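Reading the structure
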Amino acid sequence: MRVPISKTFTLDELKSKLETEMGDVVCSFRSPKILVVKDKSSSAAALVLLRSNRALVNEGFASMGAQMVFALSLVLLGILIPFLIYAIAFLPKQKAIRNKVADYIKTNYGTAEVV
């Protein structure tokens, strides 16, 4: 999800504000440019990337290990069964945390429109 931003900020600043204002999330860095915002109660996470005039907020797995297990299950079990399990069990939780983080960025740093 692309969120247009009008104020500039860093991922470190966003990490500290998200952890203090939203008590149910844990933030960590996957790389210097990717912030992972994980829900404490599940393996769902939102990945935040900053660009020049927008923030990209995508859904994803909370750790690289979980992502690798999913990729391995795709190879071993075929595409259909793991995709159905992913769509039923993981995707709704991931979208919920993604929307929560995108709304936070919109209200504090962005403009009203979402592209």
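Up top is the structure.
The structure displayed is predicted, hence computed values, not measured ones.

1. Some thoughts on the overall build of the chain
Secondary structure summary: the chain contains three helices and five strands in total. The order of α-helices and β-strands along the chain, N terminus first, is β-α-β-β-β-β-α-α. The C-alpha radius of gyration computed for the chain amounts to 15 Å, which stays within 12% of the reference 13 Å derived for 115 residues, consistent with globular compactness. Principal-axis analysis of the C-alpha atoms gives the chain an extent of 45 × 25 × 25 Å. Counted over contacts in the chain with a minimum sequence separation of 6, partners at least 24 positions apart contribute 53%.

2. Here's the deal with the environment of Q94
Structurally, Q94 is set in helix α3 (residues 80-109). What makes Q94 buried here is its relative accessible area of 1%. Here the side chain of Q94 touches G60 through a polar contact of 3.0 Å, landing on its backbone oxygen.

3. Brief notes about the sheet that holds strand β3 (residues 34-39)
Sheets are built from strands that pair by backbone hydrogen bonding, the pairs being arranged parallel or antiparallel. What the five strands build is an open sheet, ordered β1-β5-β4-β3-β2; its pairing is antiparallel. For this open sheet the edge positions go to β1 (2-4) and β2 (25-31), each flanked by a neighbour on one side alone. Taking each pair of neighbouring strands and ignoring which way they run, the sheet shows an average axis angle of 25°. Sitting on the sheet, helix α1 (residues 11-21) touches β2, β3 and β4 (44-50), and the angle it makes with β2 is about 160°.

4. Brief notes about the pairing of β3
The pairing of β2 with β3 spans six bridges and is antiparallel. Residue V26 lies in a different strand from β3, and its bridge partner there is K38. Remark: two residues form the turn of the hairpin made by β2 and β3, two consecutive strands paired antiparallel. Here β3 runs beside β4; their pairing, made up of four bridges, is antiparallel. Note that in β4 the partner of V36 across the bridge is L47. Between β3 and β4, which follow one another and run antiparallel, lie four residues.

5. Re a positive patch on the surface
A contiguous patch of positive charge, built from R2, K33, R51 and R54, is present on the exposed surface. With respect to the helices, strands and loops of the structure, K33 is situated in the loop between β2 and β3. Overall, the relative accessible area of 63% leaves K33 in the exposed class.

6. Overview of the packing of aromatic side chains
Under the criterion given, the structure shown has five aromatic pairs. Measuring from ring centre to ring centre gives 4.0 Å for F9 and Y109, while their planes differ by 25°; the resulting arrangement is stacked. Linking F9 in the loop between β1 and α1 with Y109 in helix α3, this pair joins segments that are 100 residues apart in sequence. On the basis of relative accessibility, which here comes to 9%, the residue F9 falls in the buried class. The buried category is assigned to Y109, whose relative accessible area is 4%. Where F61 meets F90, the ring centres are 5.7 Å apart and the plane angle is 70°; that geometry is what we call edge-to-face. Residue F61 is found in strand β5 (residues 54-61), and its partner F90 is found in helix α3; the two are separated by 29 residues along the sequence. The exposure class assigned to F61 is buried, which follows from its relative accessible area of 9%. Site record: aromatic cluster; members linked through ring pairs are F61, F70, Y86 and F90.

Parameters at a glance
Residues numbered from 1 in each chain as written. Predicted model: local features only at pLDDT ≥ 70, side-chain atom pairs only at ≥ 80, totals over all residues. Heavy atoms only, no water. Helix = DSSP H or I, 4+ residues; strand = E, 2+ residues; numbered from the N terminus. Rg over C-alpha atoms; globule rule 2.2 N^0.38 Å. Contact = heavy atoms within 4.5 Å. Buried < 20%, exposed > 50% of the residue type's maximum accessible area, 1.4 Å probe, protein only. Polar contact = N/O pair within 3.5 Å; in protein donor to acceptor, adjacent residues only side chain to side chain. Pairing = 2+ DSSP bridges. Axes fitted to C-alpha atoms, helices over the stretch in contact; angles between N-to-C directions. Patch = residues over 30% accessible without salt bridge, like charges linked within 9 Å, V, L, I, M, F, W, Y side chains within 5 Å. Areas by Shrake-Rupley, 256 points an atom, 1.4 Å probe, with all protein chains shown as cover. Salt bridge = Lys/Arg side-chain N within 4 Å of Asp/Glu carboxyl O. Lys, Arg positive; Asp, Glu negative; His and termini not counted. Charge placed at Lys NZ, Arg CZ, Asp CG, Glu CD. Phe/Tyr/Trp six-rings, centres within 6.5 Å; stacked < 30°, edge-to-face > 60°.

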